[in-house]
Structure formats: structure tokens, C-alpha cells
Amino acid sequence: MKMMGIIFSNIYDDRLGDISSHRTLASIPYGGRYRLIDFVLSNMVNSGISNVGVITKQNYQSLMDHLGSGKEWDLDRKVDGLFILPPFGTGQKSVYRGKIEALWGARRFLERSNEEYVLLADSNIICNIDYRHLLKLHVKSGAQISMITKKEKITGHDDVKDMVVRSDFDGRVVDVLMHYGIPGVENCGIGMYILKREFLLELLHEANSYNLVDFEREILQAKCNLLNIHNLEFQGNILRIDNVARYFEANMALLDKSVREEMFFRCGPIYTKIRDEVPTRYTQGCCLKNSLIADGCEIEGEVENSILFRGVKVGKGAKIRNCILMQDTIIEDNVELDYTICDKDVTIQSGRVMMGAPAHQIIIGKGKVV
Amino acid sequence: MSRKKSIAMLLAGGQGSRLGSLTRHIAKPAVPFGGKYRIIDFTLSNCVNSGIDTVGVLTQYKPLELNDYIGNGQPWGLDRNRGGVHILQPYTKINSKSWYEGTANAIFQNIKFIERYNPGYVVILSGDHIYKMDYSKLVNFHEEHEADCTIAVIDVSWEEATRFGILSTDAEGRITEFEEKPKKPKSTKASMGVYVFSWDVLKKYLTEDDKSEKSAHDFGKNVIPAMLKDNKRLYAWEFSGYWKDVGTTESLWEANMDMLNPACGLYSDDDDLRIYARNYEGPPTYVAEGAELSESIITKGCNVAGYVHSSVVSSDCVIEAGAQVISSVLLPGVTVKKGATVQYAIVGQGAVIEEGAMVGKKPSPDESLEITVIPEHKKITGTVV
């Protein structure tokens, strides 16, 4: 039973504001030294998947730079490996509008592959998951498509889930609700589907003939009673990143030891691009509390409840609280930051004070000097 | 056949017996250093940063870990179609000895390897020194002076001079005398064990040296004196940066401590002299509330909640709340439990310092420095000095 993987790198690009304005969602920095795609890609590799296509749409330069030949994930291979699939098509149809068109553009890759099963996955879910186990459950269930879900609480107000899945006792999906926001505990889709490769190609040919675009709405929702779709509930924890607030929360969640142990180690390690940094240097007078610090930093000031990426410098007398400082951020002396997200290569000049709020973080765009 | 201007031969076969338990299972060049490196990373990275893309690594003692670490050379960019890094182990030949007997003999036995690249110059390096050097400057000096051999030298104190190979030169840097570990040194120019030879000359001398029954087949003792005697053109090239031979636990500890002082130049993210290492996966380091860190370097994968002062902490170490690590080097995967104190020590990979244990002691001013070494995977309870 062999499975290949397809990763969508551009889902929800528009929801992360400045953080994704110049990169794909998949290449958003996360957790001090990772990009979001590292999780789904490492999970695939740790589950024995060695043929992975990454579908891109726009602004994928940073993603290409990050993935390179795929060697950090052991995907630089003679047979199979990592394939980046830029938009494919002619004339006006070159940039796809939905997953169906994206997969249609990648159908040659699907046809050429020889794995029996295919895993489709978004890149906005942080988790440590064993796809081998889920594939076994999928095969056992006899379903045509398995939707991987996670029980989540919908709190009301603005909490709207992209996809809620209702299933019967046998796990067969009876209803798929899109953009659903009525409070309660529901099985929410996490953008991962397992199905036979040949069956996916059949679905794509049919969808193409009807000019369908949206995989979730026009296939899963519209045909949930015609197709045998099963709900596979994931038992581990997930961190869902679909807006700036959740992105911030998902980073801060890593300050909890049990979350780190699950996300970084549960079924296998998470791989990422190597940067050959020196170890981090802590000088006299620095003060750290409850923070995650990557390599290559130099810390002379105070850092609390924060995530520091590789190569961050924090000057003397600086006070950093509840912040995410992406790689190569420079904080000069006596700067004070609270609830602030600094993108790559930001410099905060000495003496500046910036205070965000727990519900509204300040975002400083890539390369800005404040 | 195309020609490489210069290739490097890296002598990595030493046992490093003075490092005690640190080299019980691995060769000295494979000993972890500076938080995320191995000793050999410095010379390998120097080669790459100097534009040398062909490196023969001569191994002999406990090579498994070292060979595994070097692999195909990819972490250093030394996985090349032509050239790259090659592990050169001794091997059996018809009617001949097989083990490397002396530094010159090790190179002699690999003449075939060197000939494949037909180099103009061969740079001979040692795998157990910590320094950053641009070898291309040395090779250019060698070329400009039309030398047969150029030796990199560093200025040492008169006291230290008795431990090194000491050179005397004339006004333009030509070597007039070479003495191994002289009782009465005539200069303070010490050989760093970094040589560049014109290959045709070296090949001739290695072949002659091999025929000599009395020779110890050593560069310092035999080959260089023989060349001097024949009035060959030997030059000294002065190096002024940081350099340390980490032959003893004390010097290994000192070199680690020098990583903490940016003025030494070892710790820098300067792109031209970046040190590359094989990376293992691990999340960033977590620093808990209550941790006190100062004058230290810590790499990824650690959990730190205790007191760390003036120390080097390698990957995946755990320092619990109430534990103290002072002026020490923790190799990868060490756990220091609460109430334990580690000072002036090198703690081997995966060792566990149990609750309340005491490792090492602060040397009093009139004593010479003594560093406590904890063997790998050892569990320590009580007091170990």
C-alpha cells in the first residue's frame, strides 16, 4: 500500500495579512526555525511517503528557496522525491481558481506516479501525525474518500469553521457544512484527504467537464451522499493557522512543554532548511523567561513569553514581551516591545516603544526599519 | 586530465589519548566542540572557505563515528562530482605494511589518490586544531616565493616554544632552521602543523623517506629536515589569528571557553569564515522562567531552567531548575538535575548528573587548571572531582 502526497501551498494566503503578502502560506515562518510546510512535509516523510508534489500559485519564490532540492527531508531522490508544481495551463487559465483546477494542472504528475493512494493536504495545520495509520483505517473502511477531521469547539461570535463534517455511526459522512459558525463541538475538516489516485483522476476529469472549481464545495459537499466518504477523526492535537490571531496563538502554544513534545516528536522529527548558525550567545545582564530561542541569536536584554527565530539580536536594556521575532530581526538597545510580530530582517532602532494588545498584535513588515 | 591547483590532505588518524574518556569510542577530530560542532568542522570548513574542494581525510583510529559524520561531505558542500571529500583508510597491499606509520607515511600511502587530481600544491592539515584560516593566502604566498614548502607559523611565548616545532627564518621569511620541541628555543615562531608543498617536490621526498629504514616517517622529524638539508626553498608564513591545538582536556576546555569571547574570533557569523557542521533535527531551545543565563552559548533542542554561567551547552541538554552549570562544557544530550552543580568540567554525551550531585571544582589561584571529565552516558551521583 503506497501513498503519494500533494501539498497545497497557497490556501488562505489572504487571511494572514502582511505576514503572507510576499510569501505563500506554506512558507510562513513558525516556531522559531520552521516554515508551516515543514510539518505536513515531515509528517509525510516520517510516514514513508517519498513522492510529494507541492502545488504553488503565486509568490512561491520563498517556498522554492526553502525547499530547494528537498534534501533536508530526504526527498532528493533518483526515483520519486519532491516536485514543485507551479501553475500549469495555457492562456488565461494559467492561474487556478480552486483546488480542482490546481489538481487538474497537476494531473500529468498524478498520472505519471504509480502509488495506489494519494494524500491531499493543506499546509496550515500544525500537527505530528502518522499517515500510515490513517491509510490503514481508510482501506479498512472501504470508503472512496476519507476526510481527516478533528473534534473542535466552535465558540460562536466570529468563530466560523471552514468545514464541519457530520457522520453516522459507521463513520460515513452524511453532511458537509461550509463556513459553519453555530456554537457546539463538531468534527472540523483539517484539509487532509485520502483517496485512490485513479479515483482522484476520475473525479478530476468529471469535474473538469462540468467546469467545477472548488473541491470541498463542488465535490465533497455536493456529492457527499453519492460518494462513500468517511470521516477519519485524528486523535492527536492540532494547531490551526487561519488568521493572524491564530498564528500568534499557535506560536505561543509552543511555550508549553507538552505541546512541544507532541508537535516536535510524537511520530517523528520535524525537518527544516539548515542555516549553519552559530549557537546562541547569552551575555551578562540578559534575562529570559518562558521563551523559545533558535540558534544564532545574541541576547543582551530581557525576553519574556516570546519566540525568537534564528539570528535575532536583542540589545542591552531592551524588553521583549509576548513577541514573535522572525529571523535576523535586530532589536537595538532600550527598545520595548509587547505583543509585536516582527517579520524577517526588521530593525527596531534604539529607544523605540511599541505596545500591541493580546487581541491585536502589531505586525512589522519584512525588512522594515522602525 | 584536468588539474586541481591545490588539494588538501587532512590527518585525522590520531588517537588523542590525552583526551581520556572523550576519545574512548571516537577519534579526536570527531569530538564535539563549541556547542554544535566537531573539532574537524573547523579544518573542513576552512578548506571550503579557501576554495579547496578536494580533501582527503586520513583516518585510522576508531573511524566509524568520524566516517559517519563526514558522510558524503554534503554539510560542507564537499559532495562534488570531481573532487569533494574522501575518507582514506589504510588498506592492505601486496608485500607491504598497511597501517599508517607516521604523518609522512600516511600521505605516501595515498600518492595514488593525490595523483588522480594532479595538483600543483598539496596542503597538509591536522584534524585536531581549532582555528579559522584562509588557506588560499598561504598557497598564494607559497606561489609568490616559488617555494618548495611553506609552513604556517604562529608566534608563541618562550615558555610554550619548547612544546612546538620551532623555526628560525632569515629576513625574507626563508626557513634556516627547524627544531622539534627544542630545549632551548631560538625563536618563538611555532609550526602550526599546516604545510603546503609543491607536489612534485613532496612526492620525491616521500618516496625517498619511505626507503629510509631509520625514518619515523614524520613531516616534522624527517621530511622537513631532509628538505632543509638539501637547501630546498622552505618558507614560513605568519598567521596572526586564533589557533589552538586541543590535545589535552584542559586545552579542549580552554578552546571551548574561547568560543564565549567574541574577541577571539571563533564565535562569529562572518560569512567568509563560517563553520559548517552536520545538523541534526531539533526544535529551538526553551528557556523557562527562573532560568539565569550569562556569558554562555547554548544551541538548539535544550530545556534550560537552571543557572548557566560561562558555559558551552550543546544540543538536547536539559538543565533543571536549581541546577548550576559554571565554566563547563556540556556535550550533546546531557541532563543536569535539580540541585546538581557542574563546574570546570566537560560532561560527555548523554551523561546524567543526578539530583544534588557535584561535578568538578573551582581551581584555587595557586593550582594549575584541572578539568573534570565525565564519560559519555554515565550517571553521576555524589561528588566527582
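Here the structure is a predicted model, which is why all the values come from computation and not from measurement.

## Some points on the overall build of chain B
Phase 1 of the analysis: Helix and strand content of chain B: eight helices and 30 strands.
Phase 2 of the analysis: Whereas a compact globule of 385 residues would reach a radius of gyration of roughly 21 Å, chain B reaches 22 Å, a difference of no more than 12%.
Phase 3 of the analysis: For chain B, the C-alpha atoms occupy an extent of roughly 65 × 50 × 40 Å along the three principal directions.
Phase 4 of the analysis: Taking all 385 residues of chain B together, the buried fraction comes to 59%.
Phase 5 of the analysis: Treating the 42 positive side-chain charges of chain B as one cloud and the 49 negative ones as another, the clouds have centres 6 Å apart.

## Concerning the pairing of strand β1 (residues 3-8) of chain A
All names here are of chain A.
Phase 1 of the analysis: For β1, the tally of buried residues reaches six of six residues, placing the bulk of the element in the interior.
Phase 2 of the analysis: Here β1 shows no split at all, with Met3, Gly5 and Ile7 on one side and Met4, Ile6 and Phe8 on the other all buried.
Phase 3 of the analysis: Bridge analysis of β1 against strand β6 (residues 117-122) gives six bridges, and the strand direction is parallel. Across the sheet, the residue bridging to phenylalanine 8 is aspartate 122, located in β6.
Phase 4 of the analysis: Sheet analysis places β1 next to strand β4 (residues 51-55), joined by four bridges and oriented parallel. Following the sheet pairing, phenylalanine 8 is matched in β4 by isoleucine 55.

## So, the interface of chain A and chain B
Phase 1 of the analysis: Facing 36 residues of chain A, the contacting portion of chain B comprises 34 residues.
Phase 2 of the analysis: Interface area, chain A with chain B, both sides summed: about 3,000 Å², of which 51% is carbon and sulfur.
Phase 3 of the analysis: At the boundary of chain A with chain B, the tally comes to two salt bridges.
Phase 4 of the analysis: When the shortest N-O distance is used, the salt bridge between Glu281(B) and Arg33(A) registers 3.1 Å.
Phase 5 of the analysis: Taken together, the connections running from chain A to chain B amount to 18 residue pairs in polar contact (both at pLDDT 80 or more).
Phase 6 of the analysis: Residue assignment for the side of chain A that touches chain B shows that the elements contributing at least two residues are α9 (257-265), β14 (280-282), β15 (287-289) and β16 (291-293) of chain A.
Phase 7 of the analysis: Class assignment of the residues belonging to the side of chain A that touches chain B gives a composition of 17 nonpolar, eight polar and eleven charged.

## Thoughts on the sheet that holds strand β24 (residues 336-338) of chain A
All names here are of chain A.
Phase 1 of the analysis: Strand order in the open sheet made by the five strands is β15-β18-β21-β24-β27, with parallel pairing throughout. Pairing within the sheet leaves two strands with one partner each, and these edge strands are β15 and β27 (353-355). Looking at each pair of strands side by side, their axes are set apart by 5° on average, direction ignored.
Phase 2 of the analysis: Bridge count between strand β18 (residues 302-304) and strand β21 (residues 319-321): three bridges; the pairing is parallel. For glutamate 304, the partnering residue across the bridge sits in β21 and is arginine 321.

## Description of the sheet that holds strand β21 (residues 324-326) of chain B
Phase 1 of the analysis: Read from one edge to the other, the open sheet built from six strands follows the order β15-β18-β21-β24-β27-β30 (chain B), with strand pairing classed as parallel. Looking along the sheet, the strands with just one partner apiece sit at the ends: β15 (292-294) and β30 (383-384) of chain B.

## Regarding the domain arrangement of chain A
Residues and elements named next belong to chain A.
Phase 1 of the analysis: Partitioning chain A into domains gives domain 1 (3-265) and domain 2 (281-364).
Phase 2 of the analysis: For domain 1 and domain 2, the distance between their C-alpha centroids amounts to 32 Å.
Phase 3 of the analysis: On inspection of domain 1 and its partner domain 2, the count reaches one salt bridge.
Phase 4 of the analysis: For arginine 23, the salt bridge goes to aspartate 343, with nearest N and O atoms at 2.8 Å.
Phase 5 of the analysis: Of all elements in the fold, only β2 (29-30), β3 (34-35) and α8 (244-252) reach the threshold of two or more residues within the side of domain 1 that touches domain 2.
Phase 6 of the analysis: In terms of residue count, α8 provides more of the side of domain 1 that touches domain 2 than any other element does, six residues in total.
Phase 7 of the analysis: By residue class, the composition of the side of domain 1 that touches domain 2 is eleven nonpolar, four polar and five charged.

## Points about the layout of surface pockets
To find leftover empty space, a probe the size of one water molecule is rolled over the atoms.
Residues and elements named next belong to chain B.
Phase 1 of the analysis: Empty space within the largest pocket amounts to approximately 1,500 Å³.
Phase 2 of the analysis: As for the largest pocket, its lining consists of 47 residues, and the residues nearest its centre are Arg18, Ser126, Asp128, His129 and Asp245.
Phase 3 of the analysis: Counting only elements with at least two residues in the lining of the largest pocket, the list comes to α3 (103-108), β6 (121-126), β8 (149-155), β10 (175-180), β11 (189-198), α7 (219-229), β13 (243-245) and α8 (249-258).
Phase 4 of the analysis: In the lining of the largest pocket, the residues fall into 15 nonpolar, 18 polar and 14 charged.

## A few points about the packing of helix α1 (residues 40-49) of chain B against helix α2 (residues 63-70) of chain B
All names here are of chain B.
Phase 1 of the analysis: Look at α1 against α2: their axes get within 12 Å of each other, and the N-to-C directions meet at 35°. In the packing of α1 onto α2, the handedness of the crossing is right-handed. Between α1 and α2, the residues in contact are Ile40, Asp41 and Leu44 and Leu66, Tyr69 and Ile70, respectively.
Phase 2 of the analysis: For the contact of α1 with α2, a count of residues per class yields five nonpolar, no polar and one charged.

About the cut-offs
- Residues numbered from 1 in each chain as written.
- Chains lettered and ligands numbered in written order.
- Predicted model: local features only at pLDDT ≥ 70, side-chain atom pairs only at ≥ 80, totals over all residues.
- Heavy atoms only, no water.
- Helix = DSSP H or I, 4+ residues; strand = E, 2+ residues; numbered from the N terminus.
- Rg over C-alpha atoms; globule rule 2.2 N^0.38 Å.
- Buried < 20%, exposed > 50% of the residue type's maximum accessible area, 1.4 Å probe, protein only.
- Lys, Arg positive; Asp, Glu negative; His and termini not counted.
- Charge placed at Lys NZ, Arg CZ, Asp CG, Glu CD.
- Pairing = 2+ DSSP bridges.
- Contact = heavy atoms within 4.5 Å.
- Buried area = accessible area lost by both parts, 1.4 Å probe.
- Salt bridge = Lys/Arg side-chain N within 4 Å of Asp/Glu carboxyl O.
- Polar contact = N/O pair within 3.5 Å; in protein donor to acceptor, adjacent residues only side chain to side chain.
- Nonpolar A, V, L, I, M, F, W, Y, C, P; charged D, E, K, R; others polar.
- Axes fitted to C-alpha atoms, helices over the stretch in contact; angles between N-to-C directions.
- Domains from an automatic or database assignment.
- 1 Å grid on protein atoms, 1.4 Å probe; cavity = no way out; pocket = protein on both sides within 12 Å on 5 of 7 lines; lining within 4 Å.
- Points joined across faces, edges and corners; volume = space filled by probe spheres on them.
- Left-handed = near helix turned anticlockwise from the far one by under 90°.

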